[in-house]
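Each chain is listed here by its residues.
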Amino acid sequence: MVRFVHNGVYAVQSLTSTPASGCVERVAYLPSISSFVWVHQKFGDSVLITPHGELSPHHHEKFLGEWLVPSPDQRHIAVGPGRLSRSLSIYDFRAKSWIELGAAIMHPDPGWNWMEPNWSPWFADNSQLAFFTTEGLIVVSPDGKRKRVVLRTEEPAGLAVPSPDGRAIAYATFATRPRTSGGGNSLIWNCTGIWVVGLEASSQPRRLIGPTPSSTCDLRWLDNEHLVFDRVDEGIPPRARLWTVAADH
């Protein structure tokens, strides 16, 4: 059962009315159909599902990621990397078809989403998505037909987020270091910088925040001039703080 507020209206919706739903950790809400949607996966078969039934054709070729986020106009929904998949897929509600955008890097740490952070690659005008691949930071149309590489970084990078006006993209860079307490032999992916790059051809990336021993799992724009991000310090339990920085783009 999920309780939520949408446009000031309190509502309750059950996520257990569909027998095949199983355990659900991530859902998205679609105001156009007044319903939650999530990914159901079993034996290499994936489908978008709601409490009222299946919402998409089955994707029989592979597991999809469990992360998902609709485009602002809700025509598309991006289903992305997670424990089961490293690719980014788009479902087009109008064409009722799946589109494959290939491997995507939300964060260089495969276990980055243990805190269940939110992330959206969508431009506000629905025309493009921004994310990292092995090629670098790319901008691509939802149908995958138009793609360009914006930049290549010297350090591992992720959390690409377009500004509300679509003129710039913010992102974070990372490096690994040993843990100083607990956690066994696993490494910490500390944040080495928060950056902004404009989408003009002549634009160069600018570092807004320098290296820190903390991890960063979430980054987003507050408006066209400011960003908010988290810093998570190792420990049991970890300590998380929110920071803001001016973008000045």
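Everything in this summary refers to the structure shown in the same document. (Residues numbered from 1 in each chain as written. Predicted model: local features only at pLDDT ≥ 70, side-chain atom pairs only at ≥ 80, totals over all residues. Heavy atoms only, no water.)

**As for the environment of Thr50**
Mapped onto the elements of the fold, Thr50 is located in strand S5 (residues 45-50). Considered as a pair, Thr50 and Phe36 are 14 residues apart in the sequence and their alpha carbons are 5.9 Å apart. (Helix = DSSP H or I, 4+ residues; strand = E, 2+ residues; numbered from the N terminus.)

**Quick word on the sheet that holds strand S14 (residues 157-162)**
Ordered by their spatial adjacency, four strands build an open sheet running S14-S15-S16-S17, and the pairing between neighbours is antiparallel. Edge positions in the open sheet fall to S14 and strand S17 (206-209), since each of these has one partner strand only. Pairs of neighbouring strands in the sheet enclose a mean axial angle of 30°, with direction left out of account. Relative to strand S16 (residues 187-198), strand S15 (residues 168-178) runs antiparallel, the two being bridged by eleven bridges. Along S16, the bridge assignment pairs Thr176 with Trp189. (Pairing = 2+ DSSP bridges. Axes fitted to C-alpha atoms, helices over the stretch in contact; angles between N-to-C directions.)

**Details of the pairing of strand S9 (residues 87-92)**
Looking along a regular strand, one sees the side chains alternate between the two faces of the sheet. Among the six residues that make up S9, six are buried, leaving the element largely enclosed by the rest of the structure. Pairing of strand S8 (residues 76-80) with S9 involves four bridges; the strand directions are antiparallel. The residue of S9 that forms the bridge with Ala78 is Ile90. The loop that links S9 with its antiparallel partner strand S10 (residues 97-103) comprises four residues; one of these, Lys96, has a positive phi angle of about 55°. (Buried < 20%, exposed > 50% of the residue type's maximum accessible area, 1.4 Å probe, protein only.)

**What to know about unusual backbone geometry**
Within the chain, Ser34 stands out as a residue other than glycine whose phi angle is a positive 50°. Its place among the elements puts Ser34 in the loop between strand S3 (28-30) and strand S4 (35-42). Accessibility expressed as a relative area gives 46% for Ser34, which makes it partly exposed. Although it is not a glycine, Gln74 adopts a positive phi angle of roughly 65°. Structurally, Gln74 can be placed in the loop between strand S7 (67-70) and S8.

**Points about the pairing of strand S19 (residues 226-233)**
Burial analysis of S19 places seven of its eight residues in the buried class, which makes it a mostly covered element. One ladder, built from three bridges, connects strand S18 (residues 219-221) with S19; its direction is antiparallel. Pairing of Leu219 across the sheet is with Phe229, part of S19. Counting the residues between successive antiparallel strands, the hairpin from S18 to S19 contains four residues. Two elements, S19 and strand S20 (residues 239-246), share eight bridges in a ladder whose sense is antiparallel. Bridged to Asp233 within S20 is Arg239. Taken together, S19 and the strand that follows it, S20, pair antiparallel across an intervening segment of five residues, in which Gly235 is found at a positive phi of about 150°.

**Description of the sheet that holds S19**
Spatially, three strands are ordered S18-S19-S20 in an open sheet, and the strand pairing comes out antiparallel. This sheet does not close on itself; its edge strands, each paired only once, are S18 and S20. Each strand axis lies, on average, 20° off the axis of its neighbour in the sheet, ignoring direction.

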